[in-house]
Structure formats: C-alpha cells, structure tokens
Amino acid sequence: EPQFLQAQVLINHKGYNLGPEVLKKKYKARMDSLAYEVAHAKDVRTKSYYQYQTANALFMQTEYDTALSFIRECDFKHMTVENAYSTALMAVHCTHILNNPTEGMEFAKSMLDMNAGESMSFLMMGLCYLQENKFQEAYNFLGAAMAMTQLSNMEYKYKLDQHFIAAACGEAALGLNRLGD
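Here the structure is a predicted model, which is why all the values come from computation and not from measurement.

Rules and cut-offs
- Residues numbered from 1 in each chain as written.
- Predicted model: local features only at pLDDT ≥ 70, side-chain atom pairs only at ≥ 80, totals over all residues.
- Heavy atoms only, no water.
- Phe/Tyr/Trp six-rings, centres within 6.5 Å; stacked < 30°, edge-to-face > 60°.
- Helix = DSSP H or I, 4+ residues; strand = E, 2+ residues; numbered from the N terminus.
- Lys NZ or Arg CZ within 6 Å of the ring centre and 35° of its normal.
- Buried < 20%, exposed > 50% of the residue type's maximum accessible area, 1.4 Å probe, protein only.
- Arc of directions from axis to C-beta.
- Axes fitted to C-alpha atoms, helices over the stretch in contact; angles between N-to-C directions.
- Parallel < 35°, antiparallel > 145°, perpendicular 65-115°, else oblique.
- Left-handed = near helix turned anticlockwise from the far one by under 90°.
- Contact = heavy atoms within 4.5 Å.
- Nonpolar A, V, L, I, M, F, W, Y, C, P; charged D, E, K, R; others polar.
- Expected span 1.5 Å × (residues − 1).
- Polar contact = N/O pair within 3.5 Å; in protein donor to acceptor, adjacent residues only side chain to side chain.
- Core = buried A, V, L, I, M, F, W, Y, C linked by side-chain atoms within 4.5 Å.

Q: Looking at this structure, I do not really get the packing of aromatic side chains. What am I missing?
A: Geometrically, a pair of aromatic rings is defined through the distance of the ring centres and the angle of the planes. Under the counting rule described, the total for this entry stands at five aromatic pairs. Ring geometry for Phe76 and Phe107: centres 6.3 Å apart, planes at 40°, overall tilted. Taken together, the residues Phe76 in the loop between α4 (64–72) and α5 (81–97) and Phe107 in helix α6 (residues 101–114) connect sequence positions 31 residues apart. One aromatic cluster is present, built from ring pairs that chain together Phe122, Tyr129 and Phe141. The side chain of Arg30 reaches across the aromatic face of Tyr27, ending 4.5 Å from its centre.

Q: Can you help me understand α4 in this one?
A: Among the residues making up α4, those that are buried are Tyr64, Ala67, Leu68 and Ile71. One side of α4 carries all its buried residues, which in axial view fall inside an arc of 95°.

Q: Honestly, the packing of helix α1 (residues 20–28) against helix α3 (residues 44–60) in this entry has me stumped. Any pointers?
A: Any two packed helices are characterised by how steeply their axes cross, that is the angle between the axes, and by the distance between the axes. The contact between α1 and α3 brings their axes to 8 Å, and the two run at 150°. In terms of orientation, α1 and α3 fall into the roughly antiparallel class. In the packing of α1 onto α3, the handedness of the crossing is left-handed. Here α1 contributes Leu23, Lys24 and Tyr27 to the contact with α3, which in turn contributes Asn56, Ala57 and Met60. Considering only residue class, the contact of α1 with α3 consists of four nonpolar, one polar and one charged.

Q: Teacher, can you tell me more about α5 here?
A: Note that an α-helix has 3.6 residues per turn; residues three or four places apart therefore point the same way. For α5, spanning 17 residues, the distance from its first C-alpha to its last is 24 Å, which sits close to the expected 24 Å at 1.5 Å a residue. Within α5, burial applies to Asn83, Ala84, Tyr85, Ser86, Thr87, Ala88, Leu89, Met90, Ala91, Val92, Cys94 and Thr95. Looking at the packing, one finds that the buried side of α5 touches α3, α4, α6 and α7 (119–131). One or two residues past the end of α5 sits Asn99, with phi positive at roughly 60°.

Q: Looking at this structure, how should I read the side chain of Glu103?
A: Position of Glu103 among the secondary structure elements: in helix α6. A polar contact of 3.0 Å, which involves the side chain of Glu103, links it to the side chain of Asn100.

Q: How should I be thinking about the side chain of Ser121 in this particular structure?
A: Relative to the elements of secondary structure, Ser121 occurs in helix α7. Side-chain polar atoms of Ser121 contact the side chain of Tyr85, separated by 2.7 Å. If we ignore the near neighbours within four places in the chain, the residues touching Ser121 are Tyr85, Met111, Leu112 and Asn115.

Q: Mind showing me how you'd approach the nonpolar core here?
A: Soluble, globular proteins show a tendency: their nonpolar side chains are buried together. Among the nonpolar cores identified, the biggest contains 43 residues, and Val92, Phe107, Met111, Met120, Leu123, Met124 and Met125 are the most heavily contacted of them. Those elements that provide at least two residues to this core are α1, α2 (31–39), α3, α4, α5, α6, α7 and α8 (135–150). Among the elements that take part in this core, α7 stands out by supplying nine residues, more than any other. Among residues more than four places away in sequence, those in contact with Met125 are Met105, Ala108, Lys109, Leu112 and Phe141.

In structure tokens:
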C-alpha cells in the first residue's frame, strides 16, 4: 500500500534576480538551441512557443532592437494568451526604450484586447500616451491602472508598484496643470 509524505518546500527562484552580466550570459547560452527549436518546430503552436522564448531571451539580454525586430515577426495568433500577452509587454518596453511610442501603442492595445481586466494593460497604454505627451489620455489610463491595483478583491498576474504608477500619473497631471489631483 503506497504511503505519501507531505513536506513543506520553499522554492527560491532567482532566475531574474541576477546581476546584468550574469543574466545576459544565462540567456545568451540559450540562443542557439532556441533558434534550432524555432526552425525545427513540429507545428505552429510549438514554433510560436519558441518564438516567445526567443523574444524573452533577447529582451533579457537587453538587445532591444533585435528583440523588437524578432517580436514583429512572431506568430501571436498561435501563442497561448499568456505568452502573447508577455511578448506584447516586452514589445512595449522595447518601444519605450527605443523611443517609438506609436508602435508601442499598437502592442499596448493588443494587451488590452487580450486582457482588459489586467492593470498592466492600462499602465502600458498610459505610459505610451505619456511618451507622446498626450497627458489627458495618459492620466486616464494611469488613473485606471492605479484604481485597479487598489481593488482589494482583484488578483493580478503582475503586481504593480503603486508608487511607480503614481509617479507617471503625477507627470501626466503636471502636463495637464492638474496639480490638485
């Protein structure tokens, strides 16, 4: 008769909590195998999974131009919603860093289409508008992100730092001369 042992385990994942050089080295080592998997995938769904992993590896190496170019070619429609959302999020970050808010807006809109209930979608839209100096739109989206993070009964994949949102919201308010908000 089988017996089961119940144990409490704490997993201490430090995958992203590494120094920049260690992180780059970690992801650079994956590039050849990821390229092979993309080229030899057995079906479109598997290929799209490895496209997501490749985009992530490029992003984690801070190769933003290359990551964005790669993301533009990704097959989003065959990715899981979670992977497509994360890939779009990486794209928005890349466009922000590369000062391309117009393209970033397209990826941010796709995030809203995929998950309008996720506060990160509103934050990314707000940051894109802020980068374009469209302060009212930025204020509206950033305010929505702030309100969503304050709802105690909501669970989000991405825990947002309200101080970060408040800083961007404040910048939008300054642009609107709405200092009392």
